[in-house]
Amino acid sequence: MDAIERYRPRLPGPIWERIGPDCRRAVAKAKPTTPKEARDWLGALAHAAAHAYATGRPTRAEHLLTSEAIEWYLATGCLHVEESSRSNRRCRLNKLRHALLGPDLITGQPAAYSSSASSRPYTRSEQAQLYASARAQPTDELRYGCLLLLTLGFGCALDSPEIIPLRTHDVREAPNGAVAVAVRGPRARVVLCRTAWAPVLTEATAWASRPGQARYLFRPGSHARGTNTVTNFLARTKKPPGTPPLVIGRARATWLVDAIEARMHLPTLMAAAGLTTLRSIDRVLIHVRNLSPDQAAAALKEF
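These lines cover the structure that appears in this document, whether it is placed above or below. (Residues numbered from 1 in each chain as written. Predicted model: local features only at pLDDT ≥ 70, side-chain atom pairs only at ≥ 80, totals over all residues. Heavy atoms only, no water.)

Counting through the fold element by element, Glu261 comes out in helix 12 (residues 248-261). We classify Glu261 as buried; its relative accessible area is 18%. Once residues lying within four places of it in the same chain are set aside, the contact partners of Glu261 are His287, Val288 and Arg289. (Helix = DSSP H or I, 4+ residues; strand = E, 2+ residues; numbered from the N terminus. Buried < 20%, exposed > 50% of the residue type's maximum accessible area, 1.4 Å probe, protein only. Contact = heavy atoms within 4.5 Å.)

We now examine the pairing of strand 3 (residues 189-192). Burial of strand 3 is one-sided: the residues Arg189 and Val191 facing one way are buried, the residues Val190 and Leu192 facing the other way are not. When strand 2 (residues 179-183) meets strand 3, the two strands line up antiparallel, connected through four bridges. Along strand 3, the bridge assignment pairs Ala180 with Leu192. The antiparallel pairing of strand 2 with strand 3 creates a hairpin that spans five residues between the two strands, and Gly185 there sits at a positive phi of about 95°. (Pairing = 2+ DSSP bridges.)

Structurally, Ala75 can be placed in helix 5 (residues 67-77). For the pair Ala75 and Arg120, spaced 45 residues apart in the sequence, the C-alpha separation amounts to 9.3 Å.

In a beta sheet, neighbouring strands are held together by backbone hydrogen bonds and run either parallel or antiparallel to one another. In spatial order, the strands read 1-2-3; together these three strands make up an open sheet with antiparallel pairing. Either end of the sheet is taken by a strand with one partner, and the two such strands are strand 1 (171-173) and strand 3. Neighbour to neighbour, the strand axes of the sheet diverge by 25° on average, direction disregarded. Relative to strand 2, helix 10 (residues 198-208) is tilted by about 65°, and along the sheet it contacts strand 1 and strand 2. (Axes fitted to C-alpha atoms, helices over the stretch in contact; angles between N-to-C directions.)

Counted according to the given criterion, the structure contains five aromatic pairs. Look at Tyr144 and Trp207: their rings are 5.1 Å apart centre to centre, the planes differ by 15°, and that puts the pair in the stacked class. On the criterion of sequence distance, the pair formed by Tyr144 in helix 8 (residues 140-154) and Trp207 in helix 10 is long-range, its members being 63 residues apart. An aromatic cluster is defined as three or more aromatic residues linked by ring pairs; in this entry it consists of Tyr122, Tyr131, Phe154 and Trp197. Across the ring face of Tyr216, the terminal group of Arg225 is positioned such that the distance to the ring centre comes to 3.9 Å. (Phe/Tyr/Trp six-rings, centres within 6.5 Å; stacked < 30°, edge-to-face > 60°. Lys NZ or Arg CZ within 6 Å of the ring centre and 35° of its normal.)

Within the largest apolar cluster, 36 residues are counted, with the highest numbers of intra-cluster contacts made by Leu149, Leu152, Cys156, Leu158, Val181, Leu201 and Leu246. Elements with a contribution of two residues or more to this core: helix 7 (124-135), helix 8, strand 2, helix 10, helix 11 (229-235) and helix 12. The dominant element in this core, judged by the number of residues it contributes, is helix 8, at nine residues. Residues contacting Val181, with those up to four places away along its chain left out, are Leu152, Cys156, Leu158, Leu166, Asp170, Val171, Arg189, Val190, Val191 and Leu201. (Core = buried A, V, L, I, M, F, W, Y, C linked by side-chain atoms within 4.5 Å.)

At a closest axis distance of 9 Å, the pairing of helix 3 (residues 35-54) and helix 6 (residues 83-101) adopts a crossing angle of 105°. Between helix 3 and helix 6, the interaxial angle falls into the category roughly perpendicular. Touching Lys36, Asp40, Trp41, Ala44 and Leu45 of helix 3 are Arg92, Leu93, Lys95, Leu96 and Ala99, all from helix 6. (Parallel < 35°, antiparallel > 145°, perpendicular 65-115°, else oblique.)

On to unusual backbone geometry. The phi dihedral of Ala157 falls on the positive side, at around 65°, and the residue is not glycine. Following the sequence through the fold, Ala157 ends up in the loop between helix 8 and helix 9 (160-163). The residue Arg263 is not glycine, and still its phi comes out positive at about 60°. Structurally, Arg263 can be placed in the loop between helix 12 and helix 13 (266-273). Under the relative-accessibility criterion, Arg263 is labelled exposed at 54%.

With that settled, the discussion passes to the pattern of salt bridges. In this structure the tally under the stated criterion is 21 salt bridges. Across the pair Arg92 and Asp40 runs a salt bridge, and its minimum N-O distance is 3.5 Å. Taken as a pair, Arg92 in helix 6 and Asp40 in helix 3 lie far apart in primary sequence, 52 residues in all. For Asp40, a relative accessible area of 18% corresponds to the buried category. A salt bridge links Asp140 to Arg143; the nearest nitrogen and oxygen atoms lie 2.4 Å apart. Residue Asp140 and its partner Arg143 are located together in helix 8, separated by three residues, close to a single helical turn. A residue is classified by how much of its surface remains accessible, and Arg143, at 18% relative accessible area, is buried. (Salt bridge = Lys/Arg side-chain N within 4 Å of Asp/Glu carboxyl O.)

So this is what it looks like as structure tokens:
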């Protein structure tokens, strides 16, 4: 198509010379139906390839157009653009992915899911940054407060209203090393902390505890338990450059995505997270890594 050969995205010459031929090849193979669609696909793919090239990642279109690669690009390479622009790029790249690579499931079309910035899980790198930032806080109050929020979000799938009323004696350690949290309120339940975060929860609980006293787990020195207790605390923390802000909803979403990818039994997952509907799961499913077509076919055949 002439539109593919004539159109050149606004990228530096050396970068375009490196990535341009493969981008044009992929778009031509996807067979866009109109010149505008060809330009939209080529522009979106070229910018994704340029970002991959700048960060040392593979630039071949088939590598860039997996669901995981698209979300990685939007999360790391589109920080300077508005949410509407990111959504537009996601839409174009997903349409190109479907045209070039085919459906995600060879047995049919997957459901369309809703999503939002507050339900985007943290990457492993971002979790490590948040943990390092918590350890680097200048006071014990800030340090252990941050560690508690991290472990109760990433390790136990709690949200802010569930964290605020917890007492130190709500955290219980079993002889086998498992650490459980007795959640209060309308979604009362007992949640086992993930093994990786259990020592952090035990450490932070020991700091907050005093023998013979029923103290709050989070911010034990404060008796104020308003709805803004967590946000007011986070506003006082020190944030190293490049560290993402800590959002409890995103930490909880990270737990949900990890549990789904680990193939956790759905009723168990919902009970542990205190879910009574599938709405929260619907919001995070877009971030769950897909099986390859061959893996999906084998799973459907063998279950």
